[in-house]
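# Chain and residue survey
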Number of protein chains: 2
Amino acid sequence: MSSTSDLHPFDEALQLAPVGEHRFDGRTTPNYWNMIGPFGGITAATMLQAALQHPERLGDPIALTVNFAGPIAEGPFEIEAVPSRTNRSTQHWTLTVRQNGAVTTTGSAVFAVRRDTWSSPEAVMPEAPPADTLPPIGGFAPVKWLSAYDIRAVRGAKPGTTPGTEHPDSITEFWLRDAPARTPDYAAIASWCDSFYPRIFLKRAGFVPAGTVSLTTYFHADADTLAALGDQHVLGCARAQVFRQGFFDQTAQIWSAAGELLATSHQIVYYKE
Amino acid sequence: MSSTSDLHPFDEALQLAPVGEHRFDGRTTPNYWNMIGPFGGITAATMLQAALQHPERLGDPIALTVNFAGPIAEGPFEIEAVPSRTNRSTQHWTLTVRQNGAVTTTGSAVFAVRRDTWSSPEAVMPEAPPADTLPPIGGFAPVKWLSAYDIRAVRGAKPGTTPGTEHPDSITEFWLRDAPARTPDYAAIASWCDSFYPRIFLKRAGFVPAGTVSLTTYFHADADTLAALGDQHVLGCARAQVFRQGFFDQTAQIWSAAGELLATSHQIVYYKE
């Protein structure tokens, strides 16, 4: 394998080697390490990447679901990306990550050929000062992957640090791009949708053991729209609807600076206590 | 097979016969027929049912994703429900529907053992007059499955009928229960989350060819909470965030009359023109 040192760290993390029909070998990278495993966003992006680079690929991503079934340890893993059904303009993928023979992550993706139609935005981007008028936030959690992002706080970008004081809402808004800057593609969008720390940290003003169980992202922009973003920041917004019996939901939006809704995402997150 | 005539039509539609390891035989029923195939909600409910009645089941549903890959014709189908990973308190399922050997539908589910924790509602139920003060709406679409529901209109419960007049929003709110009334369980919730007609019918005030591509539902209530609802209506709310290049998203909430958020759901829908 040739040196990957000239690659952007995100592209390095996405490197997959075909090893048989529908199978690709990858490995974890230190840049996207979370506390006890890889950042979920990088796992989602890498699973999507397997379908993106599959020789039978049709069209572009519309939907991606990733189920975090078990831990991924540092080192190699295998992704199986099976085109379970290909229609005239849509294609359905079944995705599985295995490590040492055990299933760690399952998922599915839908790809489609986009075409111009009547269109209408309904959701409205929250008002926010321009990204370049705000300083990047420093790291606030003992996780490596946060350094892979340039984040400019608008609201709720860091959780409070006084457990016992309940925050009135779970809303985070921040400007976001890769660090170093990188023009986004579908894999980047998949990763960005998981860049919001667990809403319960904000709501309860402190650390609570928590982890994403299942993550679904819908892609609303075509490849040209993403390419035209260049190294601009996008506005990320996240919030929960309910915390109950060990699980909460977390919805997210990714907006272009010009106000286009690029992606919407939803996850269900386990928490303890 | 014994007669199923005494069963509620929903329970009849959910009837699955084990036919081998992880495999169950089912069949479409006329009560839940859509225009050219079964109502997506009944397909989602039946796929969940396969995991619910699987002998290796652990806990209760937390998340369900269903990808509508191809049409299902009238008649028998087979569901494969494989427990792809079982942990101490969570279990991940891979779900596949096949008809005549072809994959029609794929999906996944996460089950977990719920336990009491700190909890917090964040979303707030919209105000609505009580269900019993509102008349049931008549059918408005040439689909059979609408008759399987008792729907009381609050807002946007029927699309307009004048194509070319764009509706200012895509919000529907209605009270909903099965018809005849039936105490909900997880399968009912899975079905209810798909009971909202495509948002584009409301936005564009008329019929547009459209179909759900992928549907994800998060379950926020435990089995006791569902059982205690009895035959009360629930409040269903749906709206889109963006319509672009042949696809729109649709988010939904299912509320108990007492204001508990029972489920949240998201889908991405194909549309033509």
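Conventions and cut-offs
Residues numbered from 1 in each chain as written. Chains lettered and ligands numbered in written order. Predicted model: local features only at pLDDT ≥ 70, side-chain atom pairs only at ≥ 80, totals over all residues. Heavy atoms only, no water. Helix = DSSP H or I, 4+ residues; strand = E, 2+ residues; numbered from the N terminus. Buried < 20%, exposed > 50% of the residue type's maximum accessible area, 1.4 Å probe, protein only. Areas by Shrake-Rupley, 256 points an atom, 1.4 Å probe, with all protein chains shown as cover. Lys, Arg positive; Asp, Glu negative; His and termini not counted. Charge placed at Lys NZ, Arg CZ, Asp CG, Glu CD. Contact = heavy atoms within 4.5 Å. Buried area = accessible area lost by both parts, 1.4 Å probe. Salt bridge = Lys/Arg side-chain N within 4 Å of Asp/Glu carboxyl O. Polar contact = N/O pair within 3.5 Å; in protein donor to acceptor, adjacent residues only side chain to side chain. Nonpolar A, V, L, I, M, F, W, Y, C, P; charged D, E, K, R; others polar. Pairing = 2+ DSSP bridges. pLDDT = per-residue confidence, 0-100. UniProt positions renumbered as here; feature names shortened; annotations may be inferred. Expected span 1.5 Å × (residues − 1). Least-squares fit on C-alpha atoms with pLDDT ≥ 70 in both. Phe/Tyr/Trp six-rings, centres within 6.5 Å; stacked < 30°, edge-to-face > 60°.

### Observations regarding the overall build of chain A
Counting its secondary structure elements, chain A contains five helices and 14 strands. Burial status across chain A gives 58% buried among its 273 residues. Just so you have it, chain A exposes about 10,500 Å², and 51% of that area is on carbon and sulfur atoms. Averaged over its 20 positive side-chain charges, chain A has a centre that lies 6 Å from the centre of its 27 negative ones.

### Details of the interface of chain A and chain B
Each partner contributes residues to the interface: chain A has 66 residues there, and chain B has 66 residues. Where chain A abuts chain B, roughly 5,600 Å² becomes buried across the two surfaces, and 52% of that area is made up of carbon and sulfur atoms. When the buried area of chain A at its contact with chain B is split by residue, Trp118, Glu122 and Gln245 of chain A rank highest and sum to 16% of it. Remark: the boundary between chain A and chain B carries four salt bridges. The closest approach of N and O atoms between glutamate 122 of chain B and arginine 239 of chain A, which form a salt bridge, is 2.7 Å. Linking chain A to chain B there are 48 residue pairs in polar contact (both at pLDDT 80 or more). When its residues are assigned to classes, the side of chain A that touches chain B shows 25 nonpolar, 25 polar and 16 charged. Note: strand E12 (residues 242-244) of chain A against strand E7 (residues 120-121) of chain B, two bridges, orientation antiparallel. Within E7 of chain B, the position partnered with valine 242 of chain A by the bridge is proline 121 of chain B.

### Some points on the confidence of the model for chain A
One rule of thumb: low pLDDT means the predicted coordinates there are not for detailed reading. When pLDDT is averaged across chain A, the result is 95; 98% of the residues are at 70 or more. Interface scoring of the predicted complex returns ipTM 0.96; its pTM is 0.97.

### Digging into the UniProt feature "domain: Acyl-CoA thioesterase-like N-terminal HotDog" (unreviewed entry) in chain A
Summarizing the sequence annotation, UniProt attributes the feature "domain: Acyl-CoA thioesterase-like N-terminal HotDog" (unreviewed entry) to residues 29-112 of chain A in the numbering used throughout. The span residues 29-112 of chain A is 15% helical and 49% strand by assignment, and the distance between its end C-alpha atoms comes to 30 Å.

### Some points on the pattern of salt bridges
Residues and elements named next belong to chain A. On inspection of all chains with the given rule, the structure shows 20 salt bridges over all chains. Ionic pairing is found between aspartate 185 and arginine 182, a salt bridge with its closest N-O pair at 2.7 Å. Note on aspartate 185: relative accessible area 28%, which makes it partly exposed. Relative accessible area serves as the criterion here: at 11%, arginine 182 is assigned to the buried category.

### Observations regarding helix H2 (residues 40-52) of chain A
Between its first and last C-alpha, H2 of chain A extends 18 Å over 13 residues, near the 18 Å set by a 1.5 Å rise per residue. Of all 13 residues in H2 of chain A, 13 are buried, a share of seventy percent or more.

### A closer look at the side chain of threonine 106 of chain A
Tracing the chain through its elements places threonine 106 of chain A in strand E6 (residues 102-112). With a relative accessible area of 4%, threonine 106 of chain A lands in the buried category. Here threonine 106 of chain A is in contact with Met47, Thr65, Val66, Asn67, Leu95 and Thr96 of chain A together with Ser84 and Thr94 of chain B, once residues within four sequence places are set aside.

### Concerning the pairing of strand E10 (residues 210-219) of chain A
On a regular strand, one side chain projects to one face of the sheet and the next to the other, so that they alternate. All names here are of chain A. Of all ten residues making up E10, seven are buried, and the element is well covered by its neighbours. Here five bridges tie strand E3 (residues 60-68) to E10, and the two strands are oriented antiparallel to one another. By the bridge assignment, threonine 65 is partnered in E10 with threonine 216. Bridge count between E10 and strand E14 (residues 261-271): nine bridges; the pairing is antiparallel. Bridge pairing in E14 links phenylalanine 219 to alanine 263.

### Here's the deal with the relation of the copies chain A and chain B
Superposing chain A onto chain B takes a rotation of 180° combined with a translation of 0.0 Å along the rotation axis, leaving an RMSD of 0.0 Å. The two molecules are tied by a two-fold rotation axis, judged by turn and shift. The overlap is high: 100% of the interface residues of chain A also sit at the interface in chain B, so the same surface is used on both sides.

### What about the pairing of strand E3 (residues 60-68) of chain B?
All names here are of chain B. Of all the nine residues making up E3, nine are buried; the element is thus mostly covered by neighbouring parts of the structure. For E3 and strand E6 (residues 102-112), the ladder comprises eight bridges, and the chain directions are antiparallel. Paired with threonine 65 across the bridge in E6 is serine 108.

### What to know about the packing of aromatic side chains
All told, the structure shown has 30 aromatic pairs over all chains when counted by the stated rule. Taken together, a centroid distance of 6.1 Å and an interplanar angle of 70° make the contact between phenylalanine 10 of chain A and tyrosine 32 of chain A edge-to-face. You can see phenylalanine 10 of chain A sitting in helix H1 (residues 9-13) and its partner tyrosine 32 of chain A sitting in the loop between strand E2 (23-27) and H2, a full 22 residues away along the chain. You'll find phenylalanine 10 of chain A and tyrosine 32 of chain A in the same group, each marked buried. Ring centres of tyrosine 197 of chain B and phenylalanine 201 of chain B lie 6.2 Å apart, and the angle between their planes is 15°; this geometry places the pair in the stacked category. Across the pair, exposure class does not vary: tyrosine 197 of chain B and phenylalanine 201 of chain B are buried alike.

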